[in-house]
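This is what each chain is made of:
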Amino acid sequence: MLTPILHRKRKAAEAAAQAIKAAGGTIEQTRRVYGTRLLIRGLLWASIYLLSRGLLELTIPSSAARVAIALLPTPFFVYYLWTWMKGVSEMDELERRIELEALGFAFPAAIVFLMTIGLLDLAITLNPDDWSLHHVWLMMPLFYYAGLWRAKKRYQ
Amino acid sequence: MKNRLKVLRAERDWSQEELARQLGVSRQTINAIETEKYDPSLPLALKMGRLFQLCVEKIFELDEKKP
């Protein structure tokens, strides 16, 4: 049931991209369209995430309900990720290279960060209120944006 | 890699935006190529050759000093 819906959405997105190109649109226009979509879907995901966090802070006794609430932001994040990947496929070669370099920086930086946190936790037992997975994952997008800034600067 | 993109573009009185639109890339890409911060892919270099009606070697030249 979901497949025809996704197929129709994909066709509509392709038609929109084609329309931009047919209207003499530049890659900048395509970028703006995907940038706006990414922003809206990112805000949607962030809102659902904050809602889930808030609900999980409340004392909900049913563990099934707690798991359902915890998993609630996942499909929204997948949707956001899918939009990002569609945006990358519409980029030109330099923009793709910038994305690659950003991820090439973010991935090893994340490994080094997690390794260091793990070793420090063994050494001195870090405060879980500050250094648990609830908070530490927030560093990952920061590494990506640091990598993006670095790569963009390189080609400016 | 050295290139003559800026000269060729100036000869035709094209802006970076105009060249970018004709090649289907962003203005930043044209700027990065002109300032020799980025070497284009072979398909893009061939597109440039076709657009300027020149062979690729007349637009790009290997920088012998670089490894």
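Asker: I tried to follow the overall build of chain A on my own but got confused; where do I start?
Answerer: Along the backbone of chain A there are eight helices and zero strands. In chain A, the succession of α and β elements from N to C terminus is α-α-α-α-α-α-α-α. Of all 156 residues assigned to chain A, the portion counted as buried reaches 9%. Contacts in chain A between residues at least 24 apart in sequence constitute 71% of all its contacts with a sequence separation of at least 6.

Asker: Mind showing me how you'd approach the environment of E101(A) here?
Answerer: Residue and element names in this part refer to chain A. Residue placement: E101 occurs in helix α5 (residues 93-124). Each C-alpha atom, one on E101 and one on L148, is 7.3 Å from the other, the two residues being 47 residues apart in sequence. Look past the residues within four positions of E101 in its chain and what remains in contact with it is G147 and A151.

Asker: Sorry if this is basic, but what is going on with the nonpolar core here?
Answerer: Note that soluble globular proteins tend to have their nonpolar side chains buried in a common cluster. Ranked by internal contacts, the top residues of the largest apolar core, which has 17 residues, are I30(B) and I33(B). Counting only elements with at least two residues in this core, the list comes to α5 and α8 (139-154) of chain A together with α2 (16-23) and α3 (27-34) of chain B. The greatest single-element share of this core, amounting to four residues, is contributed by α5(A). Non-local contacts of I33(B), meaning those with residues more than four positions away in its chain, are made with N3(B), L5(B), Y38(B) and P40(B).

Asker: Which parts of the structure should I look at to understand the interface of chain A and chain B?
Answerer: Note on interface size: it is often stated as the accessible area lost on association of the parts. Across the boundary between the two partners, chain A contributes eight residues, which contact twelve residues of chain B. Listed by contribution, the elements that provide at least two residues to the side of chain A that touches chain B are α2 (27-57) and α5 of chain A. Partitioning the side of chain A that touches chain B into residue classes produces three nonpolar, one polar and four charged.

Asker: Please explain α2(A) as it appears in this structure.
Answerer: Helical periodicity: at 3.6 residues per turn, an α-helix aligns residues three or four positions apart in one direction. Residue and element names in this part refer to chain A. The terminal C-alpha atoms of α2 lie 44 Å apart, and with 31 residues this matches the ideal 45 Å at 1.5 Å per residue to within 8%. Every buried residue of α2 is accounted for by I27, Y34 and W45. Where α2 is buried, its residues contact α4 (73-89).

Asker: Please clarify how the confidence of the model for chain A should be interpreted in this entry.
Answerer: The predicted coordinates should not be examined in detail at positions where pLDDT is low. Residues at a pLDDT of 70 or more form 85% of chain A, whose mean pLDDT is 85. Confidence, expressed as mean pLDDT per element, reaches its minimum in chain A at helix α1 (residues 2-22) of chain A with 61 and its maximum at α5(A) with 94.

Asker: Honestly, α8(A) in this entry has me stumped. Any pointers?
Answerer: Residues and elements named next belong to chain A. Between its first and last C-alpha atoms α8 spans 23 Å; for 16 residues at 1.5 Å apiece the expected length is 22 Å, and the two agree. Of the positions making up α8, those classed as buried are F143, G147 and A151. The buried residues of α8 occupy an angular sector of 65 degrees when the element is viewed end-on, so they sit on one face. For α8, the exposed residues lying more than 90 degrees away from the buried face are P141, Y145, W149 and K153. Residues of α8 that are buried make contact with α5.

Asker: Please clarify how the environment of E93(A) should be interpreted in this entry.
Answerer: Assignment of secondary structure puts E93(A) in helix α5. Taking the C-beta count within 10 Å as the criterion, E93(A) has 15 such neighbours and is therefore assigned partly exposed. If sequence neighbours within four positions are ignored, E93(A) has contacts with S41(B) and L44(B).

Criteria and cut-off values
- Residues numbered from 1 in each chain as written.
- Chains lettered and ligands numbered in written order.
- Predicted model: local features only at pLDDT ≥ 70, side-chain atom pairs only at ≥ 80, totals over all residues.
- Helix = DSSP H or I, 4+ residues; strand = E, 2+ residues; numbered from the N terminus.
- Buried ≥ 20, exposed ≤ 12 C-beta atoms within 10 Å, placed from the backbone.
- Contact = placed C-beta atoms within 7 Å.
- Core = buried A, V, L, I, M, F, W, Y, C linked by C-beta atoms within 7 Å.
- Nonpolar A, V, L, I, M, F, W, Y, C, P; charged D, E, K, R; others polar.
- Expected span 1.5 Å × (residues − 1).
- pLDDT = per-residue confidence, 0-100.
- Arc of directions from axis to C-beta.

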